[in-house]
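Observations on the model geometry
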Amino acid sequence: MEERTESTAPGPLVLGIETSCDETAAAVLEAGRHVRSSVVSSQVDLHARFGGVVPELAGRAHVELLVPVVDEALAVAGLTATGRPAPVDAVAATSGPGLVGSLLVGLSGAKALALAWDVPFVAVNHLEAHLFAPLLEAPDLAYPLVVLLVSGGHTLLIEMRAPGRYRLLGQTLDDAAGEAYDKVARYLGLGYPGGPAIDRIAGQGDPTSFSFPRALLDDDGLDFSFSGLKTAVVRAVERRPDAATADVAAAFQAAVVDVLVAKAARAMSRVNAAGLCLAGGVAANSALRRRVTELSAELGVAAHLPSAAMCTDNAAMVASAGWWRLVHDGPSPLSTGADPNLALPLAG
Ligand code: KG4
Ligand code: ZN
């Protein structure tokens, strides 16, 4: 388990819980922005031999890990679950999107704790939580922001005018960027999760050794498509079976990053954005981070690249979005269910 602590300022405490996919995570956030603890227990080893997340196994692992992870997050924050009065002022948990069996574990646990402690419960949208991750590390970013949210399940370009005010600019029409990484890595025998593996090996390859398609690049819109790229990689390897894996990975990564950066640049000019943010697991990608840094310097706008721990799934971002929602919308009913297809709430 990884853990992180940060020091203190007096303020309300929120326990965040995240179990939407293959990370069991809990965090304690103070005053909406000070991370008192953030514990992430990854199930990567459990799923690696299957080449991807097995929903049934993920759900069962969350059941086993949730209590120890919550206990550890409380302990690192200097709190105990049995304390009186309640150790925290609210409990937030991801209610969707994600794997339904996994979501239910964190959601039920959070409701039970909120009930036992007699504190408000708040349901959190996982995509909105990803948008709060960069803000936790850089709360003073100017708006409007363009956020490129790239994860295993989503590829979205969002105009963020303020917390809670999002406009969808573009999205993938088929595979998510992270999904393309995972599928191509699996095909190349690089294991799971594929993103970090391709990122590592691509550094040793020649990105010009193959010229893979940049789908929808000439299209005026801001949508993405990655499924053709995966097929192009398979065809290319069939044609050149002796090609170095590092070259294939580098050329694949160059195609993904070219499209992501070009569309982000187009979005920036379209909304006259004051800044550009990356969010989601693929935001940890070294080539993407390099190119976004260059783009923001070119445009003379601020870029925020969250730390690797804030890019991938964690509960600090859930607590942060949960606290914001609690303050603005009030608590969620305990009848709130898990929604595997929950969409980002859009409001101008
Ligand atoms: O946000 P996240 O942790 O979970 C979801 O909500 O999906 O994102 C996980 C995704 C996986 O597809 C993983 O392969 C990808 O993020 N990823 C990366 C890198 N690190 C994680 N993709 C490219 N380069 C990376 N360094
Ligand atoms: Zn995520």
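A brief report on the enclosed structure follows. (Residues numbered from 1 in each chain as written. Chains lettered and ligands numbered in written order. Predicted model: local features only at pLDDT ≥ 70, side-chain atom pairs only at ≥ 80, totals over all residues. Heavy atoms only, no water.)

**Considering the site of ligand 1**
- Surveying the vicinity of ligand 1 reveals 20 residues, the closest of which are Gly152, Asp182, Gly195, Asp199 and Asn285.
- One of the backbone nitrogen or oxygen atoms of Gly281 is found 3.0 Å away from an oxygen atom of ligand 1.
- Protein contacts shield 88% of the accessible area of ligand 1, which totals 560 Å² for the unbound molecule.
- Residues of the shell around ligand 1, tallied by class, amount to five nonpolar, twelve polar and three charged.
- Summarising the domain contributions, the shell around ligand 1 has at least three residues from each of domain 1 (2-130 + 311-329) and domain 2 (142-308). (Near = heavy atom within 4 Å. Polar contact = N/O pair within 3.5 Å; in protein donor to acceptor, adjacent residues only side chain to side chain. Areas by Shrake-Rupley, 256 points an atom, 1.4 Å probe, with all protein chains shown as cover. Nonpolar A, V, L, I, M, F, W, Y, C, P; charged D, E, K, R; others polar. Domains from an automatic or database assignment.)

**Side note on the packing of helix H4 (residues 126-137) against helix H11 (residues 316-329)**
- Interaxial distance between H4 and H11 falls to 7 Å at its minimum, and their mutual angle equals 100°. The angle between the axes of H4 and H11 places the two elements in the roughly perpendicular class. Of H11, the residues touching H4 (which contributes His126, Glu128, Ala129, His130, Phe132, Ala133 and Leu136) are Ala316, Met317, Val318, Ser320, Ala321, Trp324 and Arg325.
- Grouping the constituent residues of the contact of H4 with H11 by class yields nine nonpolar, three polar and two charged. (Axes fitted to C-alpha atoms, helices over the stretch in contact; angles between N-to-C directions. Helix = DSSP H or I, 4+ residues; strand = E, 2+ residues; numbered from the N terminus. Parallel < 35°, antiparallel > 145°, perpendicular 65-115°, else oblique. Contact = heavy atoms within 4.5 Å.)

**Observations concerning the packing of helix H7 (residues 227-239) against helix H8 (residues 245-271)**
- Contact geometry of H7 with H8 gives a least axis separation of 11 Å together with a crossing angle of 155°. One element, H7, and the other, H8, form an angle in the roughly antiparallel class. In this structure, H7 crosses over H8, and the sense of that crossing is right-handed. Every residue of H8 that contacts H7 at Leu229, Val233 and Val237 is listed here: Val248, Phe252, Ala255 and Val256.
- Classifying every residue of the contact of H7 with H8 gives seven nonpolar, no polar and no charged. (Left-handed = near helix turned anticlockwise from the far one by under 90°.)

**Looking at the nonpolar core**
- Residues Val146, Leu157, Phe212, Phe252 and Leu288 are the most contacted members of the largest nonpolar core, which totals 50 residues.
- Considering each element in turn, this core owes the most residues, 16 residues, to H8.
- Aside from chain neighbours lying at most four places away, what touches Leu288 is Leu148, Val150, Val257, Leu260, Val261, Leu278, Val282 and Ala283.
- Judged by nonpolar contacts, the second largest core, of 38 residues, contains Val40, Leu141, Tyr166 and Leu344. (Core = buried A, V, L, I, M, F, W, Y, C linked by side-chain atoms within 4.5 Å. Buried < 20%, exposed > 50% of the residue type's maximum accessible area, 1.4 Å probe, protein only.)

**Focus on H11**
- Helix length check: H11, at 14 residues, gives a terminal C-alpha distance of 19 Å against a target of 20 Å (1.5 Å per residue), a fit within 8%.
- Buried within H11 are the following residues: Ala316, Met317, Val318, Ala319, Ser320, Ala321, Gly322, Trp324, Arg325 and Leu326.
- Directly after H11, the chain includes Gly330, whose backbone phi takes a positive value near 85°. (Expected span 1.5 Å × (residues − 1).)

Geometric values such as these leave the question of function open.
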